[in-house]
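Secondary and tertiary structure notes
The chain contents come next:
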Amino acid sequence: MYLHCVLILLALFGIHVSECLQCFNCQNINDPKSCTGQVECLNNQYCFLQTVHSGNEVLYNMGCQNNQLCSSFVIGRSVQTRQQNRCHECCSTDYCNDQLCAHREALACLNDPNVDCARLNTLLDVCSDASNAKKICPQFCGLCSLVDGNWAEWSQWSTCSVTCENGTTTRSRTCTNPPPSNGGLNCGGPAVDSQLCTNQLCPVHGNWSGWSTWSTCTETCDIGIKTRMRTCNNPKPDRFGDNCFGDATQFILCLNDPCSYRNGGWSSWNPWLSCSVTCGMGMRIRNRTCTNPIPSAYGKACVGDFNDFAFCVNTPCTFVSFNVHGFNLLINNVNAFPVTVSNVGNAYNTSDGHFTAPVTGVYYFASQFCVYSSNTIIFYIEKGNAAMRSKTRLTSTRGYDGSTGCTSVSTTVKLNTNEHVWVLMGSQYDSASVFQGPTDWNIFTGTLIQQLD
Ligand SMILES: *[C@@H]1O[C@H](CO)[C@@H](O)[C@H](O)[C@H]1NC(C)=O
Ligand SMILES: *[C@@H]1O[C@H](CO)[C@@H](O)[C@H](O)[C@H]1NC(C)=O
Ligand SMILES: *[C@@H]1O[C@H](CO)[C@@H](O)[C@H](O)[C@H]1NC(C)=O
Ligand SMILES: *[C@@H]1O[C@H](CO)[C@@H](O)[C@H](O)[C@H]1NC(C)=O
């Protein structure tokens, strides 16, 4: 077997590398650590450790395999160096399979038996170059516990530094797998890595152009206006960017020389407006304007009143009031007061005892009856239609007196045109109970307070 092994002495400080490995060699075992079989590999062969899933069980195969099939799970020991520091494997560093080195043999920190370390150090100060010395004279140079640093895994890429357009994303790693110790080398290469990240384009917020110059005055004499403008195109808003804020146009007054000294003149009067009241006497108004001509900026305003007033008389207002007296009890218990003291507007009918509203409005009514001693009298003021249906009782009273006496009621009510009001007695009283003396003891009176149409 040794015939296949090639020992290469790389210069004086080179590494004494054996490309022949001695590997553990077991098939379908449950625990890699339990493997005791060993095999020496051919040149260009490496050790492997393969997991085999068999049902729920995990089994391991270990042995030699061709270099080109090398996977990361390979472990073994150099025949020559007898596994001095680290597991040998086919990855680029000594540490890929650190976890699997658990079943390596106890660390033997031995000098290369082919090298005379004392002499080498005297001649060439070999111990001062730890990276070489640890390989050939670790024990002599006191480097048995030297550990070179090795990078841990990269972190995740950070989120992009910006949310739109180009930014950077970074990732980092630490020299902690393991960290260097006892004179070991630091990790080489950068600890931080960055790269471009590209997002969608950023929104463009609008910005005003500069103001234009002021326009010329709108008038050549008197007062005019000058304007200037700006546009939201510096840049125009795009991709949901903000619009420009503020006014796009500005105005200022410009004072020129007087056009002329044109004084104002009155227009003709506008037509009279309608009367302020719908009945009776009121006021009406008309106006005029100082527009014939309009005074120039420096001319005189019109002198005099803009408004003109006059009295106006509309259709006469409706006057309704009555005052009737006496006792004439009809068969339907309505008292038709027979004596008319006044009946302005003729709204009270003495034949049927009805008051008929000539206009819609608010009315006031009162009534009084008197009784002989020890008599009782009941009467009501009611409203309704001509047939005395749809009645509403507006008042009630019940008069009684030990001696002769009177009782009265009054009410205010809104009536529509043609509604009727009457006085209804509680029953067919006769002259034995109703005191009739002079007619003015039993009365009914009413008046229109406010017309509503
Ligand atoms: C973003 O990066 C790309 C690639 O480097 C480049 O072509 C592009 O011009 C960049 N865009 C901006 C807005 O800087
Ligand atoms: C808007 O435009 C003016 C004039 O060009 C410039 O001075 C200013 O910086 C711009 N502002 C922004 C937010 O682009
Ligand atoms: C003048 O009267 C018209 C109606 O004829 C009215 O519209 C206008 O408001 C009045 N003007 C003033 C200043 O009172
Ligand atoms: C008064 O009433 C009677 C009976 O309802 C009626 O015949 C008469 O026409 C009425 N008089 C007036 C002036 O309405």
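Residues numbered from 1 in each chain as written. Chains lettered and ligands numbered in written order. Predicted model: local features only at pLDDT ≥ 70, side-chain atom pairs only at ≥ 80, totals over all residues. Heavy atoms only, no water.

Looking up the protein in an unreviewed UniProt entry gives the name C1q domain-containing protein, with the organism given as Dreissena polymorpha.

**A closer look at the site of ligand 1**
Keep this limit in mind: In this text, near means that some heavy atom of the residue lies within 4 Å of the molecule or strand in question. Here a polar contact is taken to be a pair of N or O atoms separated by no more than 3.5 Å, where protein atoms must pair a possible hydrogen donor with a possible acceptor and residues adjacent in sequence count only if both atoms sit in side chains. Accessible surface area values rest on a Shrake-Rupley calculation with a 1.4 Å probe, where residue burial reflects the displayed protein chains alone.
As a matter of local geometry, ligand 1 sits amid Glu165, Asn166 and Leu196. Measuring from an oxygen atom of ligand 1, one finds a side-chain N or O atom of Asn166 at 2.2 Å. For ligand 1, the accessible surface in isolation is 360 Å², of which the surrounding protein chains cover 31%.

**Structural notes on the nonpolar core**
Quick reminder of the rule: Only buried residues count toward a nonpolar core, which is a set of Ala, Val, Leu, Ile, Met, Phe, Trp, Tyr and Cys residues joined through side-chain atoms within 4.5 Å. Relative accessibility decides the category of a residue: with a 1.4 Å probe and only protein chains considered, values under 20% of the type maximum give buried, values over 50% give exposed, and everything between is partly exposed. Only DSSP runs of H or I covering at least 4 residues are called helices, and only runs of E covering at least 2 are called strands; the numbering of each starts at the N terminus. Working rule for contacts: check all heavy atoms of both residues, and any pair within 4.5 Å makes them a contact.
Phe355, Tyr363, Phe365, Phe369, Met425 and Phe444 are the most contacted members of the largest nonpolar core, which totals 28 residues. For this core, the secondary structure elements donating two or more residues are β15 (321–325), β19 (361–371), β20 (375–384), β22 (405–415), β23 (420–425) and β24 (443–451). Discounting chain neighbours no more than four positions away, the residues touching Tyr363 are Val320, Phe355, Ala357, Pro358, Thr411, Thr412, Val413, Leu415, Thr447, Leu448 and Ile449. Among the nonpolar cores identified, the runner-up in size contains 9 residues, and Cys117, Leu120, Cys141 and Leu146 belong to it.

**Quick look at the pattern of salt bridges**
Pairs can form between side chains of opposite charge once their charged atoms are near each other. To keep things clear, this is the line we draw: The working definition used for a salt bridge is a side-chain nitrogen of Lys or Arg within 4 Å of a carboxyl oxygen of Asp or Glu.
In this structure the tally under the stated criterion is 7 salt bridges. Across the pair Lys134 and Asp148 runs a salt bridge, and its minimum N-O distance is 1.9 Å. Placement of the pair is Lys134 in helix α2 (residues 130–136) and Asp148 in the loop between α2 and β9 (166–172), with a sequence separation of 14 residues. On the basis of relative accessibility, which here comes to 11%, the residue Lys134 falls in the buried class.

**Side note on the state of the cysteines**
Operational definition: Disulfides are defined as pairs of cysteine sulfur atoms found within 2.5 Å of each other.
Taken as a whole and judged by the stated rule, the model has 11 disulfides. Between the sulfur atoms of Cys164 and its disulfide partner Cys202 the distance amounts to 2.0 Å. Since a negative S-S torsion denotes a left-handed disulfide, the Cys164-Cys202 link at about 95° is right-handed. One end of the pair, Cys164, is in the loop between α2 and β9; the other, Cys202, is in the loop between β10 (192–198) and β11 (223–229), with 38 residues separating them in the sequence. Each of the two residues, Cys164 as well as Cys202, counts as buried.

**Some remarks on unusual backbone geometry**
Across the junction of Asn234 and Pro235, the peptide omega takes the value 0°, indicating a cis bond. Along the chain, Pro235 falls in the loop between β11 and β12 (249–255). A cis amide bond links Asn292 to the next residue, Pro293, at an omega of 0°. The phi dihedral of Glu165 falls on the positive side, at around 60°, and the residue is not glycine. If you trace the backbone, Glu165 turns up in the loop between α2 and β9.

**Structural notes on the environment of Val423**
Mapped onto the secondary structure, Val423 falls in strand β23. Classification of Val423 as buried rests on a relative accessible area of 0%. Along the backbone, Val423 and Phe379 are 44 residues apart, and their C-alpha atoms lie at a distance of 6.9 Å.

**Comments concerning helix α1 (residues 117–124)**
The N-cap of α1, judged by a side-chain oxygen 3.3 Å from the amide nitrogen of Ala118 a few residues on, is Asp116. Just downstream of α1, Asp125 is the residue with a positive phi angle, here 55°.

**Considerations on a nonpolar patch on the surface**
Selection criterion: Patches here are clusters of residues that have more than 30% relative accessible area and form no salt bridge, with a 9 Å joining cutoff for like charges and a 5 Å cutoff for nonpolar side chains (Val, Leu, Ile, Met, Phe, Trp, Tyr).
A cluster of nonpolar side chains, Ile223, Ile225, Phe251, Leu253, Leu255, Tyr261 and Tyr298, forms an exposed patch at the surface whose accessible area comes to about 800 Å². Residue placement: Leu253 occurs in strand β12.

**Regarding the side chain of Arg228**
Short version of the rule: Only four residue types enter the tally: Lys and Arg on the positive side, Asp and Glu on the negative side, with His and both chain ends excluded.
Structurally, Arg228 can be placed in strand β11. Within the buried set, Arg228 has no salt-bridge partner at all; the shortest N-O distance to an opposite charge, 10 Å, is to Asp247. Excluding anything up to four places from it in sequence, Arg228 contacts Trp211, Ser212, Thr213, Trp214, Ala248, Thr249 and Gln250.

**So, the site of ligand 2**
Every residue close to ligand 2 is listed here: Asn207, Trp208 and Asn234. The contact in question runs from an oxygen atom of ligand 2 to an N or O atom on the side chain of Asn207, over 2.2 Å. In isolation ligand 2 has 360 Å² of accessible area, and contact with the protein removes 23% of it.

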